[in-house]
Amino acid sequence: LALRPGGETVDALGGLHTFMNWPRGTLTDSGGFQMVSLLQFAEVTEEGVQFQSPVDGTQMLLTPERSIQIQNQIGADIIMALDDVVSSTTTGPRVREAMHRTLRWIDRCISAHSKPHCQNLFGIVQGGLDTDMRVECARELMKRNL
């Protein structure tokens, strides 16, 4: 929806519920999962994720702030924080890097979230398959009182 028809368009049409004619709860994804599925076309940095648009091939940068802005425009009830997603088969330092970046990004998502009164922001636990890292990440997310 961010690329087609665009967050601005969905917002102008009355938000996701009106756009879909759906009176129940809705959830939008941050775009983080696409980082894994399109990883050969993406570069993850502290700023965000640079990737090639699957629609027209242009280079795009998805930051935590932009992800939240789009989801605020779309108007879902539950919005997901942008996280640094690694494949479940990834091990080693990259998993720890992704977990710590996810925690830094959640703080940026919280700061960018303009509709906390009507949209619930969910954090995502990272740490791959490493139980200790996942517990550490969950504890840090709980401190943010999401």
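Residues numbered from 1 in each chain as written. Predicted model: local features only at pLDDT ≥ 70, side-chain atom pairs only at ≥ 80, totals over all residues. Heavy atoms only, no water.

Enquirer: How would you summarise the pairing of strand 3 (residues 49-52) if you had to cite specific residues and measurements?
Expert: Side chains on a regular strand alternate between the two faces of the sheet. Only one face of strand 3 is buried: it carries Val49 and Phe51, and the other face, with Gln50 and Gln52, is open. Where strand 2 (residues 42-44) lies against strand 3, three bridges are found, and the strand directions are antiparallel. Note on strand 3: the bridge partner recorded for valine 44 is valine 49. Between strand 2 and strand 3, which pair antiparallel and follow one another directly, the connecting turn spans four residues. Strand direction decides the pairing type here: strand 3 and strand 4 (residues 59-62), joined by four bridges, are antiparallel. Bridge pairing links glutamine 52 to glutamine 59 in strand 4. In sequence, strand 3 turns back onto strand 4 through a hairpin of six residues, with glycine 57 there showing a positive phi of about 85 degrees. (Buried < 20%, exposed > 50% of the residue type's maximum accessible area, 1.4 Å probe, protein only. Helix = DSSP H or I, 4+ residues; strand = E, 2+ residues; numbered from the N terminus. Pairing = 2+ DSSP bridges.)

Enquirer: Tell me about a nonpolar patch on the surface, residues and numbers included.
Expert: A cluster of nonpolar residues, Leu1, Leu13, Phe19, Met20 and Trp22, forms a patch on the protein surface that exposes about 470 Å² of accessible area. Within the secondary structure, leucine 1 is located in the segment before helix 1 (2-12). Looking at leucine 1, the relative accessible area reads 41%, which means it is partly exposed. (Patch = residues over 30% accessible without salt bridge, like charges linked within 9 Å, V, L, I, M, F, W, Y side chains within 5 Å. Areas by Shrake-Rupley, 256 points an atom, 1.4 Å probe, with all protein chains shown as cover. Salt bridge = Lys/Arg side-chain N within 4 Å of Asp/Glu carboxyl O.)

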